Every structure is written in C-alpha cells, then in structure tokens.
Amino acid sequence: GFAILPTGSLVAETRVKIRIIGVGLRGQNHLELALRRKDVEVVALCDIDEQMLQMSNDILKRFNKPMPKIFKGDPYAWRKLLEMKEIDGVIIATPWEWHAPMCIESLEAGKYVGTEVCLGITLEDHWNVVKACERNKGNLMMLENVCYRRDVMAILNMVRQGIFGELVHMQAGYQHDL
C-alpha cells in the first residue's frame, strides 16, 4: 500500500514481517504486542504444543487477524520457517537450550532476531551467537525487559556517578518464580 503525506509526497508503507518460534505464554505476549502494531505482520508461528497454538489462534481472533502459516509436529519444524523468503525477523521464545541454535540458524538465514534471555546455556554458546552475528553482519537483540526498568536504570546511573563510592563487592539476583 501507499500513503500520501500532508506535503503531497508519495511514500511506500513499510510492514515488517515476522515469525515467532515458541508461542507458550511468553511467546503469546510477543504475539499480542506484534498484533497491536500497524507496521508489523505476523506471517508464521511455530510450536510443538498444540494447546499453545490454539491459545495463539484465540489471540489472533481477538485482534481480527487470520491464522498465519503454522509449523508444528516436529522439534525442528522451525528450520522450515527459516526457508520462508517473506520473513524479515524472528522472535524466539522457546526453552533456553534452543536459543543458541535457533539464533545462529536465523542469522545465517539473513533474518533479524529477537530472543528471550538467555542466548545460550554455555559460554561457548554465547560466543557462537556473537560469531554468527559478525559472520553474517546480523542483528540480534536480547529481549530482556528487566534491565530497562526505571529502578534498575536508576541504580546503574547512581553507580556510574560514584554515589556509592568505589564498589568492591556487589551481589544481585533475578528473583522470581520460573
């Protein structure tokens, strides 16, 4: 489609086409956020859990959107998703042990990647993801929202300003029920 700006110039309307691997509860949250945007189109979903796919379908119905292409029935069905040329980006919301291979193969397929934390299980996993980004000139973002909360950013700002003096020891934790 096209839009005419008030100045009278003609510009193409851009819609980012994404797919979501893993539509459990966290993946469904990403799905809902994507559906709220006019510039995003969800073109594919992948999960091995039929109930989660049905719950995702309910979300799509609530937003009056058609069910995108579904990849299921096999723990590696997500690889077929990467073959889709019409995809710009991938959101990965699967169990942690799948993040590194899914990130690496998504980057190798030329996709933008957003992944839930963490990028991998081992230090080597993380380095392999970094190397895949560099090798493919890829773009990857960890979708870790707690880092950007106001209270967390305020503490970081205080540390950088030296309000606590020289830090010689610090202990922190990510406390919630997983």
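We now turn to the structure provided with this report. Remember, it's a predicted structure, so these values are computed and weren't measured experimentally.

Reading the values: the criteria
- Sequence order as written defines residue numbering, which begins from 1 separately in each chain.
- Residues qualify for local features only when their pLDDT is at least 70, as the model is predicted, and side-chain atom pairs are given and counted only at 80 or more; totals for whole chains, interfaces and linings, by contrast, use all residues.
- The basis for the side-chain values is all heavy atoms of the structure; hydrogens and waters are excluded.
- Secondary structure elements are defined from DSSP: runs of H or I of at least 4 residues count as helices, runs of E of at least 2 residues count as strands, and each element is numbered from the N terminus.
- Any pair of residues with heavy atoms lying within 4.5 Å of one another is described as a contacting pair.
- For patch detection, residues must exceed 30% relative accessible area and be free of salt bridges, and they are connected within 9 Å for like charges or within 5 Å for nonpolar side chains (Val, Leu, Ile, Met, Phe, Trp, Tyr).
- Surface accessibility follows the Shrake-Rupley procedure with a 1.4 Å probe radius. Residue values consider only the protein chains on display as shielding.
- One speaks of a salt bridge when a side-chain nitrogen belonging to Lys or Arg is within 4 Å of a carboxyl oxygen belonging to Asp or Glu.
- Cysteine sulfur atoms that pair up within 2.5 Å are treated as a disulfide.
- Categorising residues by exposure relies on relative accessible area from a 1.4 Å probe, with only protein chains included: less than 20% of the type maximum marks a residue as buried, more than 50% marks it as exposed, and the intermediate range marks it as partly exposed.
- For this analysis, a ring pair means two rings from Phe, Tyr or Trp (six-membered ring only for Trp) whose centres lie within 6.5 Å, classed as stacked if their planes differ by under 30 degrees, edge-to-face if by over 60, and tilted for the remaining angles.
- Here, strands pair whenever DSSP counts at least two bridges between them.
- To obtain each axis, a line is fitted to C-alpha atoms, and for helices this fit is confined to the stretch in contact; angles are then taken between N-to-C directions over 0 to 180 degrees.
- The span you would expect from a helix comes to 1.5 Å times its residue count less one.
- Comment: arc refers to directions from the helix axis out to C-beta atoms.
- Assignment of crossover handedness uses the view with strands pointing away from the viewer, where a clockwise path from the first strand over the helix to the second indicates a right-handed crossover.

**With respect to the environment of M102**
Here's step 1: Structurally, M102 is set in helix α4 (residues 99–108).
Here's step 2: With near-sequence residues (within four places) excluded, M102 lies in contact with I21, W78, I92 and T94.

**Structural notes on a nonpolar patch on the surface**
Here's step 1: A cluster of nonpolar residues, I155, V159, I163, F164, L167 and M170, forms a patch on the protein surface that exposes about 560 Å² of accessible area.
Here's step 2: Within the secondary structure layout, I163 lies in the segment after α6 (150–160).

**A short note on the state of the cysteines**
Here's step 1: This model, assessed by the stated rule, comprises zero disulfides.
Here's step 2: This cysteine, C103, is not joined by any disulfide, and C133 carries the nearest cysteine sulfur, 7.8 Å off.
Here's step 3: Judged by relative accessible area, which is 17%, C133 ranks as buried.

**Examining the packing of aromatic side chains**
Here's step 1: This structure, assessed with the given rule, holds one aromatic pair.
Here's step 2: On the numbers, 5.2 Å between centres and 65° between planes, the contact of Y76 with W98 is edge-to-face. Of this pair, Y76 sits in the loop between β5 (69–71) and α3 (78–82) while W98 sits in the loop between β6 (89–92) and α4, and the two are 22 residues apart along the sequence.
Here's step 3: On the basis of relative accessible area, Y76 is assigned to the partly exposed category, the value being 39%.

**Here we look at the sheet that holds strand β4 (residues 40–46)**
Here's step 1: A sheet is described by the order of its strands in space; here six strands give the open sequence β5-β4-β3-β6-β7-β8, paired in parallel fashion. Among the strands making up the open sheet, the edge pair consists of β5 and β8 (140–142). Within the sheet, the average angular offset between the axes of one strand and its neighbour, ignoring direction, is 20°.
Here's step 2: Of the strand pairs in this sheet, strand β7 (residues 112–115) and β8 are connected by three bridges, and their pairing is parallel. Opposite G114, over in β8, you have M141 as the bridge partner.

**Description of helix α5 (residues 123–136)**
Here's step 1: Here α5 contains 14 residues, and its C-alpha end-to-end distance of 20 Å stays within 8% of the 20 Å for a straight helix at 1.5 Å per residue.
Here's step 2: Among the residues of α5, those classed as buried are V129, A132 and C133. With its buried residues spanning 100° around the axis, α5 presents them on a single face. For α5, the exposed residues set more than 90 degrees away from the buried face come down to L123, E124, E134 and R135.
Here's step 3: Positive phi appears at K137, one or two residues downstream of α5, with a value of about 50°.

**Points about the pairing of β7**
Here's step 1: Inspection of the sheet shows β6 paired to β7 by four bridges, in the parallel sense. The residue of β7 that forms the bridge with I91 is G114.
Here's step 2: On the question of chirality, the crossover connecting β6 to the parallel β7 by way of α4 is right-handed.
Here's step 3: Handedness of the β7-α5-β8 crossover: right-handed.

**Re the pairing of β4**
Here's step 1: In terms of residue burial, β4 counts as a mostly covered element, since six of its seven residues are buried.
Here's step 2: Of the pairings in the sheet, the one linking strand β3 (residues 16–21) to β4 comprises six bridges and is parallel in character. Across the sheet, the residue bridging to R19 is A44, located in β4.
Here's step 3: Handedness of the β3-helix α1 (residues 25–35)-β4 crossover: right-handed.
Here's step 4: Where the polypeptide runs from β4 across helix α2 (residues 50–62) and back to β5, its parallel neighbour, the crossover connection is right-handed.

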